[in-house]
Amino acid sequence: MAEQHEFDKDYWDRHWHQAHRDGPGAMGSSPAHPYLTQETSGLVPGAALDAGCGAGAEAIWLASHGWQVTAVDIASDALARAAERAADSGVSDRVRWVEADLTVWEPGARFDLVTTHYAHPAMPQLAFYDRIAAWVAPGGTLLIVGHLHAPGAHGHGQHPPAEASVTLADITAGLASTRWEITTAEEHRRAVTGPGGHEAALHDVVVRATRRP
């Protein structure tokens, strides 16, 4: 029987603790995901939320490009590393790091951009996307990058757990045309080099949508 992943605080604390033991490369020194730069470079900077920010690459990129960022993650080790990277990049004043469980946390505001990259909380993946979509302000942008659920798909060098993968059709079906204009709905394959020089093939789903006023 396949291992089940709870994706709770204990899971992510263990994940980032092990990454810390594996060294700075594993702990998060990579650049922001290319989808973020491609999909947001034409947007006017404003208030952004990075849901499940990990070691902070995307939040730091946004801050360095004029966004005021709220970056949320459940793992304290990841946030500590992210704060160090932000300080080294000179953008600490543009990022607010929040340690919180995204299944229950409420931001108390809406954002011009809400983005998430491979975040897997302890709730169904599509329900998580529905939850964070509610935090997008009218006229704002939702950017979802996830593991594509498809035969032969790989994530970080191995098949992602089924509960952490989604289909493009399922994501777009949850974005009603009366409330959202979908501007990007794509599947991608790309190769990345991980710690130790090991190459992995990723099969991704990318959805960008604008909330109608």
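This one's a predicted model, so the numbers in the text were calculated from it and none came from an experiment. (Residues numbered from 1 in each chain as written. Predicted model: local features only at pLDDT ≥ 70, side-chain atom pairs only at ≥ 80, totals over all residues. Heavy atoms only, no water.)

Chemist: I'm lost on the overall build of the protein chain in this one. Help?
Modeler: Across its full length, the protein chain holds seven helices and eight strands. Sequence-distant contacts, at least 24 apart, represent 69% of the contacts inside the protein chain between residues at least 6 apart. When the accessible surface of the protein chain is totalled, it reaches about 10200 Å², and 51% of it is carbon and sulfur. (Helix = DSSP H or I, 4+ residues; strand = E, 2+ residues; numbered from the N terminus. Contact = heavy atoms within 4.5 Å. Areas by Shrake-Rupley, 256 points an atom, 1.4 Å probe, with all protein chains shown as cover.)

Chemist: Could you clarify how one ought to interpret the pairing of strand S2 (residues 68-73) in this entry?
Modeler: The side chains of a regular strand alternate between the sheet's two faces. With five of its six residues buried, S2 lies for the most part within the structure. For strand S1 (residues 47-51) and S2, the ladder comprises five bridges, and the chain directions are parallel. Each bridged residue has a counterpart across the sheet, and for Ala-48 the counterpart in S2 is Val-69. Read from S1 through helix H4 (residues 57-64) to S2, the crossover connection turns out right-handed. In the sheet, S2 pairs with strand S3 (residues 95-99) via five bridges, with the strands oriented parallel. Looking across to S3, one finds that Val-72 is bridged to Val-98. Remark: the S2/helix H5 (residues 76-89)/S3 crossover connection has right-handed handedness. (Buried < 20%, exposed > 50% of the residue type's maximum accessible area, 1.4 Å probe, protein only. Pairing = 2+ DSSP bridges. Right-handed = clockwise from strand over helix to strand, strands pointing away.)

Chemist: Is there a simple way to think about H5 in this case?
Modeler: A turn of α-helix holds 3.6 residues, and therefore any two residues three or four places apart point the same way. Compared with an ideal rise of 1.5 Å per residue, which puts 14 residues at 20 Å, H5 spans 20 Å between its outermost C-alpha atoms and is within 8% of the ideal. When H5 is considered as a whole, its buried residues turn out to be Ala-78, Leu-79, Arg-81, Ala-82, Arg-85 and Ala-86. Along the axis of H5, the buried positions cluster into a sector of 160°, meaning they face one direction only. Residue Gly-90 follows H5 closely and has a positive phi angle near 75°. (Expected span 1.5 Å × (residues − 1). Arc of directions from axis to C-beta.)

Chemist: So what exactly am I meant to see when it comes to unusual backbone geometry here?
Modeler: Excluding glycine, residues mostly carry a negative phi; peptide bonds, for their part, are mostly trans. Unusually for a residue other than glycine, Tyr-118 sits at a positive phi of about 60°. Looking at where Tyr-118 falls in the secondary structure, it is placed in the loop between strand S4 (111-117) and helix H6 (125-133). When its relative accessible area of 8% is taken as the criterion, Tyr-118 is described as buried.

Chemist: Would you take a moment to explain the nonpolar core for this structure?
Modeler: Trp-105, Val-114, Ile-132, Trp-135 and Leu-142 are the most contacted members of the largest nonpolar core, which totals 27 residues. Listed by contribution, the elements that provide at least two residues to this core are S1, S4, H6, strand S5 (136-148), helix H7 (168-173) and strand S8 (199-211). Non-local contacts of Leu-142, meaning those with residues more than four positions away in its chain, are made with Val-114, Ile-132, Ala-133, Val-136, Leu-175, Trp-180, Val-207, Arg-208 and Ala-209. Counting residues in each nonpolar core, the second largest holds 23 residues, with Ala-48, Trp-61, Leu-62 and Ala-63 among its members. (Core = buried A, V, L, I, M, F, W, Y, C linked by side-chain atoms within 4.5 Å.)

Chemist: Please clarify how the packing of aromatic side chains should be interpreted in this entry.
Modeler: Two descriptors summarise a pair of aromatic rings, namely the distance from one centre to the other and the angle between the planes of the rings. Taken as a whole, this structure holds two aromatic pairs when the rule is applied. Judged by centre distance (5.6 Å) and plane angle (90°), the ring pair of Trp-105 and Trp-135 falls under edge-to-face. Of the two residues, Trp-105 sits in the loop between S3 and S4 while Trp-135 sits in the loop between H6 and S5, which places them 30 residues apart along the sequence. Both residues of the pair, Trp-105 and Trp-135, count as buried. Centre to centre, the rings of Phe-128 and Tyr-129 are 5.8 Å apart; their planes meet at 45°, and the pair counts as tilted. Under the relative-accessibility criterion, Phe-128 is labelled buried at 0%. (Phe/Tyr/Trp six-rings, centres within 6.5 Å; stacked < 30°, edge-to-face > 60°.)

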